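# Commentary on secondary and tertiary structure
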Amino acid sequence: MANTNNKTNTPGEGIPRHIAIILDGNGRWAKKRGLPRTAGHAVGAETFRKIATYCKDIGVDYLTVYAFSTENWKRPPAEVRTIMALLNRYLQEAVDTMERDHIRMKVLGDISALSEEQRALVAKTEEISSHYEGFQANICINYGGRDEILHAARRYAEDFAAGKADALTEERFGGYLYSAGIPDPDLLIRPGGEQRLSNFLLWQCAYAEFYFTDVLWPDFGPEELDRAIEAYRRRDRRYGGVK
Ligand code: FPP
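Cut-offs used in this document
- Residues numbered from 1 in each chain as written.
- Predicted model: local features only at pLDDT ≥ 70, side-chain atom pairs only at ≥ 80, totals over all residues.
- Heavy atoms only, no water.
- Near = heavy atom within 4 Å.
- Polar contact = N/O pair within 3.5 Å; in protein donor to acceptor, adjacent residues only side chain to side chain.
- Areas by Shrake-Rupley, 256 points an atom, 1.4 Å probe, with all protein chains shown as cover.
- Helix = DSSP H or I, 4+ residues; strand = E, 2+ residues; numbered from the N terminus.
- Nonpolar A, V, L, I, M, F, W, Y, C, P; charged D, E, K, R; others polar.
- Phe/Tyr/Trp six-rings, centres within 6.5 Å; stacked < 30°, edge-to-face > 60°.
- Expected span 1.5 Å × (residues − 1).
- Buried < 20%, exposed > 50% of the residue type's maximum accessible area, 1.4 Å probe, protein only.
- Contact = heavy atoms within 4.5 Å.
- Pairing = 2+ DSSP bridges.

Around the ligand, 18 residues are found, and the nearest of them are Leu 23, Asp 24, Arg 28, Arg 37 and Arg 75. Note that an oxygen atom of the ligand is positioned 3.2 Å from one of the backbone N or O atoms of Asn 26. A distance of 2.8 Å is found between an oxygen atom of the ligand and a side-chain nitrogen or oxygen belonging to Arg 75. Its free accessible area being 630 Å², the ligand has 93% of it covered by the protein chains. Among the secondary structure elements, those contributing two or more residues to the shell around the ligand are α1 (26-32), α2 (37-58) and α3 (77-101). The greatest single-element share of the shell around the ligand, amounting to five residues, is contributed by α2. Per-class residue counts for the shell around the ligand are eight nonpolar, six polar and four charged.

Attention now moves to the packing of aromatic side chains. One pass over the structure, following the stated rule, counts eleven aromatic pairs. By way of ring pairs, the aromatic residues Tyr 66, Tyr 143, Tyr 178 and Phe 200 are connected into one cluster.

Now for α2. In a regular helix each residue adds 1.5 Å, so 22 residues correspond to 32 Å; α2 covers 31 Å between its end C-alpha atoms and thus fits that length. Listing the buried residues of α2 in full gives Gly 40, His 41, Val 43, Gly 44, Thr 47, Phe 48, Arg 49, Ile 51, Ala 52, Tyr 54, Cys 55 and Ile 58. Those residues of α2 that are buried are in contact with β1 (18-22), α1, β2 (62-69), α3, β4 (136-143) and α7 (222-234). Following α2 by one or two positions, Gly 59 has its phi on the positive side, about 95 degrees.

Okay, the pairing of strand β6 (residues 209-212) next. Consecutive side chains along a regular strand alternate between the two faces of the sheet. Of the two faces of β6, the one lined by Glu 209 and Tyr 211 is fully buried and the one lined by Phe 210 and Phe 212 carries no buried residue. When strand β5 (residues 187-190) meets β6, the two strands line up parallel, connected through four bridges. Residue pairing in the sheet places Ile 189 in a bridge with Tyr 211 of β6.

Rendered as structure tokens:
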């Protein structure tokens, strides 16, 4: 299990400003133990809490996690209910504690499909977040990268037709994405053994460094995050140029 006291990274030193993580492997983690998949999600939610705390402690500014995709509705209804209940509990806890801890939180995704209770929690976290600076956790719920780009394109087209938008640039387009105002991820981590993006932050990960590991998300601890950051530090980021 993750142990947040086992810190080997020093705040600020070569630390990526923004880390994005695809939470994967909860189901297999549970299956290996003869438990229902939902037990894997419950432990996965705990792992997220610990990793978010660790990121804040070592000086990461933004942590963005893929918790529920636009495709995840295809899962059995009981599993969807469990994931949503875990997300609601987390959002409620965030509302209760973020003022004390000065943590910012944002939900990225098409929230129109979420329950009224969830939408109210999302609005509350955004309202509280607007008072603070510092570490920000972004939770992607009902999120799809292509969906986000289409949504942004439609909103831009509306503004343009209404004479409210200037000619399109990458920067302006970024302002229409769910992630508006958030810098692009520097490091994208995918635990769980698969090596694909699965429709996550397609626009934003244009220059992200990727780190894949077989460790299943519920087993992912600060030591594994340190390994990912070490790998990131060894990369030579050229953004298409030469050095
Ligand atoms: C992917 O593992 C995981 C999900 C689709 C759900 C992730 C959600 C949580 C951890 C719950 C709450 C999250 C937060 C941020 C509080 P999988 O089920 O696809 O695993 P598998 O590939 O082993 O089947």
